[in-house]
Amino acid sequence: MTSAKIIGRSLPRREDPPLITGRGRFAADINFPGQWIMRVVRSPVAHGDIKGIDVSAPLAIPGVHAVWTHADVAHIPPIPFRLTGLKTLEPYRQTILADRIVRYVGEPVALVFADDAYVAEDAAELVVLDIAPRDVAMSASDAHATEADVIRKGYGDVDAAFANAHAVVALDLAVGRHTGVPMETRGAIATYDTARDLLEMHGAAKVPHWNRDTIARMLGREPATMHLHEGHVGGGFGIRGEIYPEDVAVCAAALHFKRPIKWIEDRREHLIAANHSRQQQHRVRAAVDKSGTILAIDNKFFHDNGAYMRTHAATVPDLAAAMLPGPYRVPAYRAIGHIRLTNKTPCGTYRAPGRYESTFVRERLMDAIAARCGLDTVEVRRRNLLDKNAMPHDVQLDTLGTHVVYDSGDYALLLDKALKLANWDTLQAETKARRARGELAGAGIALFVEKSGLGPFDMVRIEIKPDGVEVVTGNASVGQGIETVVAQICAEVLGARYDTIDVVHGQTDRIARGMGAFASRVTVMCGEATRMAAAKLRDLALSEAARLMQTTPERLAIADGEIVSRDGGASMPLTDLAGLSAEDTFESRHMVYPYGVHVASVRVDAETGGVTIETYAIAYDVGCAVNPRLVEGQLAGGLAQGIGGALYEEFLYDEAGEPLSVTFADYLMPTAHEVPSPLLLVTEDAPSPLNAFGLKGAGEGGVNPVGAAIASAIDDALQRPGAVTQLPVTPQRLKALLKR
Amino acid sequence: MSEKTPITLTINGRKHAIAVEPRRTLADAIREDCGQTGTHIGCEHGVCGACTIIVDGAPVRSCLMFAVQADGKAIRTVEGLASGDRLHPMQQAFMDHHGLQCGFCTPGFLMLAIGALEQEPDISDADLVDVLSSNLCRCTGYQNIVKAVRAAAKEMRK
C-alpha cells in the first residue's frame, strides 16, 4: 500500500528555494581562511618544446608564494581513464603540467600561488615561457595526425550486402567541434587538515566517488583519507566534474603547502581548457534494395580528440559506432572509427556523446536513401523501423561495457504521434505553398534511440529523522532535479511526505559508494535503488509500528507521513520512528533505451544565410515520467544546446593552432531569440522491463537529433536533398552552399 | 595598482564600507568584499549576464563596472528580493514555471527581468524577448524563463 500517487506529478522542485534567493553554494562561493589562489599559466603555443620557464619575475611580486612547473608535480602520474579505457590509449594521457612538450594552446604549463586572485593573475602574466614551436596537426583526417587507436564494430556480411544492393548511397559528413559550456566555469578548492591527515576538495561534481578514489591514488593516499564535496553545480552536460589537471593540482598544492588552495576558472580558460567534443568526419555508405530497405551500413569515421586522451578515453567514438543503427533494421553493419590526435583542446563527452554525431549521420543517410529511391522522407523511415514485436532487440554491438539490447519500444507509434503533434501534413502543404511564392521554407524529421541508465550499480540509504526523512545517495546533481525525483519516488514508496524528504548527494563522507550523474543514469539507477530501499524501510517501519501499536503490520499503512491503522483508530507519525534506516543497491548490466522523434521547420534567408527555426516538435518516450515537467525541461534545454551545435557553436582555430573561439562573442550560444517554444509530447508507451517503474532517462533526448532534424529541414527549404553535409550550418556555409 | 580607495557600497539598503583597488570589478567587490555571493560571475566580459544587478534602478552587468563607480549608488541584488519568507513575484514565477535548472544564471535573469519591468511595466512580448536575450542560460532553453517573466509581469502590475 502506498499513499496518493506522487510519481507522475509535476511537483515543485526541492532544489529551487536556495537557488532563487541567492543562497546557492557554487564553487566560487566557497572560501577558507588563509586560502591561496591558484592561477594556471597556459601554453600560448599549439605545439612546441619547452626550452625554459623563468619564474623569477612573478616570485618577486608581494603576495606571491610559489610558482610550480612540471618538476614540482613530476611525481604525480597522468590522469587515468574512467570509461572505455583502452590500454592502447594510455600513452596519450595528460599530465598535470606539460612535461617538456606542449600540445595545445591552453595546456597548463605552470601554477602560480598567491594571496589574491588579482595578484595571481598579474604574476601569471610575468612567467616567461621559452617554447620552440613545432609543426601542428589540425585535422583528424590529415594523414600526419597521430592515430591513437581504431575502433571496430559490426556484424553480418556487409560486403555481400553491398555486392547485391540495388543502390548504394554514400555521404561525406562532418560535425563541428563544440561542447557543453556550462554557465558556471569549473572550480576546485582543496583543504588539508594536518591533525586528521584529511584532504578534502570542494567543487566536485558528476562523479565524486570515482574522483575521490582516483585523485587519492594519484597522490599516493588511501581513499579513506580524502573526501570530495559537491555544492551547487552550475550545469554539467558531460564536461563538468571529470578529473582535470587543475583538480589534482589544487589537492597536491593543499597537501604540500598545508593551506587551503582555491582555483576558479575564467571563461577564456574554460573555452580552451575544459573538454571539447563532437568533432567527427564520417564517410558513410548504405546498401539498399529497390524499396528503399536498408541491407547494410558501412561507416568509416575520424574522431578529432584534440591533444590528449582524457578520462573518457574512447567513449565518444565508441558510442558513435555502437548507436549509429538507431531505430532501424540494419541487417549488416560495419563501423571503423579512427581516433586521431590533433593540436587542439582535448575532448570528452558532451550530452548525447557520439549520438548527436551518429544520429546526424544516420538520418542524413535516410534522407539520401529517400531521394535516391524516390520516397518520401517519412515513408523511407517507416519502412525501415524496427517493429515493436522485435523487442527486446539485440543490436549485436557492445558499448560502455554493456551489450546493446533495446529493452522496449514502439517506434512506429511514436512516429505517428510526432507527425500529429507537428501537424506534419499541414506543415508540408504550407511550406510547399510558401516555396511556390519564392520563400525558402521547409520541414525535416529525425528519429533516434537514446541510451540511459548505465549501471553497474547505485546504492541508496534512507533514514527516518525526527523532522522527516533523509535519503543519501552517491549520486550527483548537475541541475537536473535529482532531489525532486528521488524525493518523489521515496515519498510514494515509503509513504513519507514529499516536502519533508531531504536528498543528500555528492558527499563521499556520507556514503561508501556511488557512481554519479552521467549517461542519463540518475533517475533510472538511483530511482530504482531508492524504490528498493524505501520498500525495505516501509516494511521495517510497519513492523516496528505494529509492535508499538500492538497490532500486525498487515493492518497498518503509511500515508502522507502518518502510520495509520487500516481499520481506523490509532495512528502515529512516521517521524516517531526516527533512527530507523534501510539501504539497498540496484545492480544492472544493461542500459535502458528511450527513443524519440524531432520535427523542425525552418526558413532560410538567402540574403544573409541565416536560418530561423519556425516550429519545433519533440515526441519522446521515457517509459515512466516521475515528474513530467522536469522531463519536458530536459527536452527543451537539450533542444537549445542542439540548436547551438546545428547552427552557431563552433571552436575554430587558425592554421597555427591558435584558438579563435575564446569569448562568448566568438563562441555563439543560442539566446531566447534563437530558441523556439517547442511542442513537447512525453509518452509512456514503452516502460522499461528492467526496473519496477519502467523508468528510462530523459537527459539526452532533447539534444540527440537536433542537428539531423535541422539539416533535413534546410535541405527541404532549399529543395536540394543532401545539401547540408556539415554542422554547424553557419551563414557563411549556407551562403556558399547557395552559390553552388 | 594596489593603492586602495575607500568606498561605500549600499547593497539592498545596507552599507558596506570597503577599500578597493581602482581596477576591482563591482562583481568581485559585491561577492568577495561584501560577502553577497548570490550574484554570479559567468564570463567577466559582459556577454552572459549572470552578474546582472540593479544599480540606481537600471539593470547592469556588474562585471563591466568598477566597484569605485558604484560608490554611493543604490545597489540591488538577488539577496534583497524576498521580504522574509515572502518571495518576490518574479522568484515565485521562476519556481512555478520551472524557469531554472542548475540555477547559476537565475539571479542574473531575475535582476534583469525585474529591472526591465520596473522601467517598463507594460513591455511588449517582443521587447521582453529582446531584453531576455541579453542573458545566457544553458539549461532551460529559455521558454520557461519567458513564461515566468510574463506571469510575474502580470503580478507586478497588480
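Residue positions within a chain follow its written sequence, with the count starting from 1. Following the order in which they are written, the chains are lettered starting with A and the ligands numbered starting with 1. Whole-chain, interface and lining totals are the exception, using all residues; otherwise, since this is a predicted model, local features are given only for residues with pLDDT of at least 70 and side-chain atom pairs are given and counted only at 80 or more.

**Focus: the overall build of chain B**
Condition: Numbered from the N terminus, helices here are DSSP runs of H or I no shorter than four residues, and strands are runs of E no shorter than two. A radius of gyration in this sense is built from C-alpha atoms; the matching globule rule multiplies 2.2 Å by the number of residues raised to 0.38. With C-beta atoms placed from the backbone, the exposure class of a residue follows from how many other C-beta atoms lie within 10 Å of its own: 20 or more, buried; 12 or fewer, exposed; in between, partly exposed.
Scanning chain B for helices and strands turns up five helices and five strands. For 158 residues, the compact-globule formula gives about 15 Å, and the C-alpha radius of gyration of chain B, at 15 Å, lands near that figure. Principal axes of the C-alpha set define a box for chain B whose edges measure 45 × 30 × 25 Å. When each of the 158 residues of chain B is scored for burial, the buried share is 56%.

**Things to note about the pairing of strand β4 (residues 58-61) of chain B**
All names here are of chain B. Here is the rule we go by: For two strands to be treated as a pair, DSSP must find no fewer than two bridges joining them.
Bridge analysis of strand β3 (residues 52-55) against β4 gives four bridges, and the strand direction is antiparallel. By the bridge assignment, Val55 is partnered in β4 with Ala58. Where β3 folds back on β4, the antiparallel hairpin that results is connected by two residues, among which Asp56 adopts a positive phi of roughly 45 degrees.

**Side note on the interface of chain A and chain B**
Heads up, the rule is: Contact between two residues is assigned whenever their backbone-derived C-beta positions fall within 7 Å. Each residue gets one label: Ala, Val, Leu, Ile, Met, Phe, Trp, Tyr, Cys and Pro are nonpolar, Asp, Glu, Lys and Arg are charged, and the others, such as Gly, are polar.
Every contact between the two is made by 39 residues of chain A and, on the other side, 43 residues of chain B. Elements that contribute at least two residues to the side of chain A that touches chain B include exactly α1 (16-20) and α16 (628-648) of chain A. By residue number, the principal contributor to the side of chain A that touches chain B is α16(A), which donates six residues. When its residues are assigned to classes, the side of chain A that touches chain B shows 19 nonpolar, 14 polar and six charged.

**With respect to the packing of helix α2 (residues 89-96) of chain B against helix α3 (residues 106-119) of chain B**
Residues and elements named next belong to chain B. Stated formally: Working convention: axes come from line fits to C-alpha atoms, limited for helices to the stretch in contact. Angles between N-to-C directions cover 0 to 180 degrees. Geometric relationships in this document are graded by angle, where less than 35 degrees denotes roughly parallel, more than 145 denotes roughly antiparallel, 65 to 115 denotes roughly perpendicular, and other angles denote oblique. The crossing is said to be left-handed when, going from far helix to near helix, the turn is anticlockwise and less than a right angle, and right-handed when the turn is clockwise.
Two elements in contact, α2 and α3, have axes separated by 10 Å at closest approach and are oriented at 130 degrees. In terms of orientation, α2 lies oblique with respect to α3. Note on packing geometry: the crossing formed by α2 with α3 is right-handed. On α3, the residues touching Met90, Gln91 and Phe94 of α2 are Thr106, Leu110, Ala113 and Ile114. Split into classes, the residues belonging to the contact of α2 with α3 amount to five nonpolar, two polar and no charged.

**Focus on helix α5 (residues 143-157) of chain B**
What counts here: Expected helix span is computed as 1.5 Å times (number of residues minus one).
In a regular helix each residue adds 1.5 Å, so 15 residues correspond to 21 Å; α5(B) covers 21 Å between its end C-alpha atoms and thus fits that length. For α5(B), the full list of buried residues reads B:Gln143, B:Asn144, B:Ile145, B:Val146, B:Ala148, B:Val149, B:Ala152 and B:Ala153. Buried residues along α5(B) sit in contact with α16 of chain A together with α2, α3 and α4 (125-132) of chain B.

**Notes on the confidence of the model for chain B**
Fine structural detail should not be taken from predicted coordinates in areas where pLDDT scores are low. Here is the rule we go by: Each residue gets a pLDDT score, which is the predictor's confidence in that residue and runs from 0 to 100.
Per-chain confidence: chain B averages 97 in pLDDT, with 99% of residues scoring 70 or above. Overall fold confidence (pTM) sits at 0.98, and the ipTM for the predicted complex is 0.98.

**Overview of the domain arrangement of chain B**
Residues and elements named next belong to chain B. To be explicit about the condition: Where each domain begins and ends follows an automated or database-derived domain assignment.
Domain parsing of chain B yields domain 1 (5-78) and domain 2 (89-157). At the junction of the two partners, domain 1 supplies 15 residues and domain 2 supplies 15 residues. It is β3 that provides the largest number of residues to the side of domain 1 that touches domain 2, a total of three residues. The residue inventory of the side of domain 1 that touches domain 2, partitioned by class, reads eight nonpolar, seven polar and no charged.

**As for the nonpolar core**
Going by this rule: The term nonpolar core refers to a group of buried residues, namely Ala, Val, Leu, Ile, Met, Phe, Trp, Tyr and Cys, whose C-beta atoms join them within 7 Å.
With 306 residues, the main nonpolar core has A:Val112, A:Val250, A:Cys490 and B:Ala113 as its most contacted residues. For this core, the element with the most residues is helix α15 (residues 522-549) of chain A, which contributes twelve residues. Leave out the neighbours within four places in its chain, and B:Ala113 touches B:Met90, B:Leu132, B:Val149 and B:Ala152.

**Section: helix α11 (residues 377-384) of chain A**
In plain terms, the rule: Taking the helix axis as origin, the arc is that swept by the directions to the C-beta atoms.
For α11(A), the full list of buried residues reads A:Thr377, A:Val378, A:Val380, A:Arg381 and A:Asn384. Within α11(A), the buried residues cover an arc of 165 degrees as seen down the axis, which keeps them to one side.

**Structural notes on the sheet that holds strand β4 (residues 101-102) of chain A**
Residue and element names in this part refer to chain A. Strand order in the open sheet formed by three strands is β4-β2-β6, with antiparallel pairing between adjacent strands. Strands with a single pairing partner mark the edges of an open sheet, and in this sheet they are β4 and β6 (128-133). The pairing of strand β2 (residues 48-54) with β6 spans six bridges and is antiparallel. Residue Ile53 lies in a different strand from β6, and its bridge partner there is Leu129.

**Focus: the sheet that holds strand β1 (residues 5-11) of chain B**
All names here are of chain B. Spatial strand order, β2-β1-β5-β3-β4: five strands in an open sheet with mixed pairing. Only two strands of the sheet have a single neighbouring strand rather than two, namely β2 (14-20) and β4. In this sheet, neighbouring strand axes are inclined to one another by 40 degrees on average, regardless of whether the strands run parallel or antiparallel. Bridging between β1 and β2 involves seven bridges; their strand directions are antiparallel. Counted as the bridge partner of Thr5 is Val20 from β2. In the packing of helix α1 (residues 26-33) onto the sheet, the strands contacted are β1 and β2, and the crossing angle to β2 comes to about 110 degrees.

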